[in-house]
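# Observations on the three-dimensional arrangement
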Amino acid sequence: MARRVSCPTLIGRTAELARLDAALAQARDGSSVLLFVSGDAGIGKSRLVETFTARARENDAIVFSGACLDLAEGAAPYAPFVAALRPLADELSGDELAHVLGEARQELGALLPELCGSPTSRRDRTERGRLYELALGLFRRMAALRPAVLVLEDLHWTDPASADLLAMLGANLRHAGLVIIGTYRSDEVPRDHPLHNIVLELERSGRAERVELTGLSVDEVTAQVTGILGTEPATRQTRSLFDRSDGNPFFVEELLAAGPTSTGLTASLRDVLLTRVERLAPATKQVLRAVAIIGRGGDEELIGTVTELPAGELEAALQEAVSHRLLVVTGDGYDVRHALLREALQADLLPGRRNRLHLAVAEALADKNVPAESARHWHAAGHRPEALAGFVAAAVAAQTSNAWAVALAHYERALRLWPDVADAESRCGLDHAELQRCAAEVAMAEGEIDRALHLTEASMAELDAGAEPLRAAALRILAGRIHWVAGDVAAACRSYDEAVALLPAEASTRERAQVRALQGHAFMLQNRYTDAAACCREAIAVAVAVGAPDLEVHARNTLGVALAMLGEAPQGLEELAAALRLAKSRGDTWELGRTYVNFSDALLWAGRWAEAAEVGMEGVHVCRGLGYGRTTCMCAAGNTLGALVRLGRWPDADRLVDEVSDIDAPPGQRWGVTLAMTELALRRGDVQGARARLSSVEEIAARSQNRELVTSFHVCAAWLATAEDDNEACRDRVRVGLDLIRGSEYLRLGPELCAIGLAAEASLGGDPGPLLKECREFLAGMIACPEPEAYGRTAEAESTRLTTPDPLAWADARAAWEDLGEPYHAAYCRFRGAEAILATKGSREEAATLLRAAHETVVALGADSLRRKIEDLSRRGRLELVRAGETVPGLTAREGEILALLSDGRTNRQIAEALFISERTVGVHVSRILHKLGVPNRGAAAHLFRVSE
């Protein structure tokens, strides 16, 4: 019987184990904790984590564990996550599993292939972000059932896709009830290792902690050896083991197992590790070497095929290796107990023997559908033709999981092998130019722009455009897309033009539909709506002719926006509705999200704000459920907020902001939400809050080429300057905003800028002529655009403040806003209309009626800044904001005014400021009100007033 080689209990690590236990307690309270356990090889990272997870399971936590694989060039994407989540179906009931997987079950196939199948793939970074968001949702829902622990071991071998996903989880899972523990060898993570920056950044941000393990003390080594031997060792033996192992628990075990004749560890670690192996039966040594070559998770069938041992002899060999703690059982397979032992076993093999073992593994894996592992073994065995085909297949598989860095690495290996394989084309099913094109696609998706362009140009150089015009055009289209991702719109458009020139004239091909759809999209984002509409109409016609619904929906989506911006709102909305139906029927998730954004924006532009809010809110929920929380969900939220702010549904806007506040979206996707909330803060009179929100967009606005973003920023900045009574700054902002849109087809914000500018000119005593003329020119180029028309009428009314105040101009503007259902601007027009009536010695009763209606609106909205202006005009004009006959019976008109303000939650001081009377006088009136109404306090009086309304 084999002697015990490991201690049955964890020695030392009291503080470290307590930190892990505390993390689980935090998870039970709803927090998420990310811990990195680091240290040298053999220091006890896995043992610490195993002890903790056993305790966590005893306390009803769900535990999932996976490890990265040391497969070098055969790395599989998301390997530790796939391994950790594989037992999910066993841990959860059917209903729990359905809830945890969520709506986009198939898209999680990259992490749960056995449960979800193969995911659909789009070749861009957006889809990888979507997978990460879906993973966030999965872990949130899983942890909501009960506290969950996710263990990711050996992160020093992490693949790029797993590293990115871990960074995403660490940055975003703050309140999910999840403990994530990652282990890695600190000596194998240098500064240029991808994990180094991830750990450093998460530590700096306070979202992760590092638990560094060091060697055991002399006393702890004594306790370890006592646990192994069952009796306390001699002091001399303990000291010798401690000195030779430096307190490393694994080294202590191996030195003890090797016996007193073993040599010094640091001088000959491999010899020490192999000493126990040499004592075993030949078949057992054969099995150990085969498992070391196979890697993690080799099952009995595979081991038997590689070693060619009879079943009985194989079983005995496995049993001996396990009993001597040289192999461990991992699920349905076996692995070498420690990575250091695996490395020693591999290094002990002669080159020929090592190659033959790799070849045997490769042949055994031929029908297992594990292309990355197969390719690694074929390559290690020196069989380049098979390795080439394997790396191409592995790249395609990685693309399916949106693991672009892994896919690119496989393609690069295939490109290096290609010249050495005579029949490369027949083995891979593609020629060299196509292999370069595929590599360029994934390089673009990974953001390796220079490499993507180089591969595309190399592929172009190998093609005869005259003989293969469609392939040549497709490469120009790819070059255009790469330039687009790089932000070089002009270069993208040049490449698209080159593609069009290569296509056969008048021929209906998928390439023509694609390039026309891409051109239309590019023109739309450059605000060249006429050109965009022409391209998209051709793209739709060709796409329908060749049966390309994916291109049809993309082109209809863009066409809808272009038509809406050109003033053809009914036709544009019809195209967007068709795009939405088509995207839903096809299950095209990206176009579905894009359509929700564009549809809600077009409805907003058309002045159909209630519909915009409805479509936008639906888009927010659908896009988030599909994993697009950081992209289309935030864009749809921005449009929805814009509609809710305009409609006066400000509490609904607050709720939506709360709903999406946990989404860590990049500024380029969040700006619509930020600017909408800036506008809402300004309407509420929260100038400080508006300034803080606007400043968060300033940097991206300064470097963005997005005319809509930059112009919208200057619109908000102009409103802010107005709120701060800085009319010179407002004038400057208006000038910059108008310069941005002048001469373009993006006119929608022109009348608003003119209206703001004219309000500033009125305060400055400036000349209204130029702005008024430009506003009229903007409107002359617009057809059926109700919101710009309302701003145009407001601009006309603002201009009268510099000449002869015109109540009718303000009435006209008010009517336009009322038709749109926009209460805030309607109240502003009533306020200015009352001001104009007083200035022209008109009907005081009419002015009072306007002020009362405006005051009622702004009080209901919570628009404090405008309310104060209305109350100031009421005082200066000696107009009562509450009619004597419209208050509670028995109260005077003044008491009625005070009761109305009191019911709005005002203090005596605030009421005094509003009515321009002393605070003491207000106190006297409040006492009389309480006495007359027979109520004990202000709250009861306010309630009675509200009931009487």
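Source: prediction; values computed, not measured. (Residues numbered from 1 in each chain as written. Predicted model: local features only at pLDDT ≥ 70, side-chain atom pairs only at ≥ 80, totals over all residues. Heavy atoms only, no water.)

### Remarks on helix H2 (residues 45-58)
Under the 1.5 Å per step criterion, the end-to-end length of H2 is 20 Å for 14 residues, consistent within 8% with the ideal 20 Å. Within H2, the full set of buried residues consists of Lys45, Leu48, Val49, Phe52, Thr53 and Ala56. Mapping the buried residues of H2 onto a view down its axis gives an arc of 125 degrees, with all of them on the same face. Residues of H2 that are buried in the fold lie against helix H1 (14-28), strand S1 (33-39), strand S2 (62-67), strand S3 (148-153) and strand S4 (178-185). Just past H2, the residue Asp60 takes up positive phi, approximately 70 degrees. (Helix = DSSP H or I, 4+ residues; strand = E, 2+ residues; numbered from the N terminus. Expected span 1.5 Å × (residues − 1). Buried < 20%, exposed > 50% of the residue type's maximum accessible area, 1.4 Å probe, protein only. Arc of directions from axis to C-beta. Contact = heavy atoms within 4.5 Å.)

### A word on the sheet that holds strand S7 (residues 327-330)
Judged by pairing direction, the sheet is antiparallel, and its 3 strands sit side by side in the order S6-S8-S7 without closing on themselves. At either margin of the open sheet sits one strand with a lone partner, and together these are strand S6 (298-299) and S7. Relative to strand S8 (residues 333-336), S6 runs antiparallel, the two being bridged by 2 bridges. Note that in S8 the partner of Asp299 across the bridge is Gly333. (Pairing = 2+ DSSP bridges.)

### As for the nonpolar core
Formed by 130 residues in total, the largest nonpolar core has its most connected members in Phe599, Val734, Leu738, Trp817, Leu851, Leu866 and Ile870. The leading source of residues in this core is helix H43 (residues 823-839), at 10 residues. Those residues in contact with Leu866 that lie beyond four places of it in its chain are Tyr824, Ala827, Tyr828, Phe831 and Val858. In terms of nonpolar packing, the next biggest core, distinct from the first, is built from 90 residues, Tyr184, Trp418, Ala424 and Ile449 among them. (Core = buried A, V, L, I, M, F, W, Y, C linked by side-chain atoms within 4.5 Å.)

### Some details on the packing of aromatic side chains
In this structure the tally under the stated criterion is 6 aromatic pairs. Between the aromatic rings of Phe36 and Tyr184, the centroid separation amounts to 6.3 Å while the plane-to-plane angle is 70 degrees, which identifies the pairing as edge-to-face. One end of the pair, Phe36, is in strand S1; the other, Tyr184, is in strand S4, with 148 residues separating them in the sequence. Classification of Tyr184 by relative accessible area gives buried; the value is 3%. Of the aromatic side chains, those joined through ring pairs into one cluster are Trp810, Tyr828 and Phe831. (Phe/Tyr/Trp six-rings, centres within 6.5 Å; stacked < 30°, edge-to-face > 60°.)

### Re the packing of helix H28 (residues 529-546) against helix H29 (residues 549-565)
Direction vectors running N to C along H28 and H29 enclose 150 degrees, while the axes themselves pass 8 Å from each other. In terms of axis orientation, H28 runs roughly antiparallel to H29. Relative to H29, H28 is oriented so that their crossing is left-handed. From H28, Tyr529, Ala532, Ala533, Cys536, Arg537, Ala539, Ile540, Ala543 and Val544 reach across to H29, where they touch Leu551, Glu552, Ala555, Arg556, Thr558, Leu559, Ala562, Leu563 and Met565. When the residues that make up the contact of H28 with H29 are grouped by side-chain class, the tally is 14 nonpolar, 1 polar and 3 charged. (Axes fitted to C-alpha atoms, helices over the stretch in contact; angles between N-to-C directions. Parallel < 35°, antiparallel > 145°, perpendicular 65-115°, else oblique. Left-handed = near helix turned anticlockwise from the far one by under 90°. Nonpolar A, V, L, I, M, F, W, Y, C, P; charged D, E, K, R; others polar.)

### Considering the environment of Leu881
Note that Leu881 resides in the loop between helix H45 (864-877) and helix H46 (893-903). Using a relative accessible area of 12% as the deciding quantity, one classes Leu881 as buried. As for Leu881 and Arg894, which are separated by 13 residues in sequence, their C-alpha atoms are 9.6 Å apart.

### Quick word on the sheet that holds S2
Sheets are built from strands paired through backbone hydrogen bonds, the pairs being either parallel or antiparallel. Strand order across the open sheet formed by 5 strands is S2-S3-S4-S1-S5, with parallel pairing between neighbours. Each having just a single partner strand, S2 and strand S5 (209-212) make up the two edges of the open sheet. Strand-to-strand twist of the sheet, defined as the mean angle between neighbouring strand axes without regard to direction, takes the value 20 degrees. Bridge count for S3 against S4 is 5 bridges, and the pairing is parallel. Pairing of Val149 across the sheet is with Val179, part of S4. Against the sheet, helix H9 (residues 194-204) makes contact with S1, S4 and S5, and its axis sits at roughly 130 degrees relative to S1, the strand it touches most.

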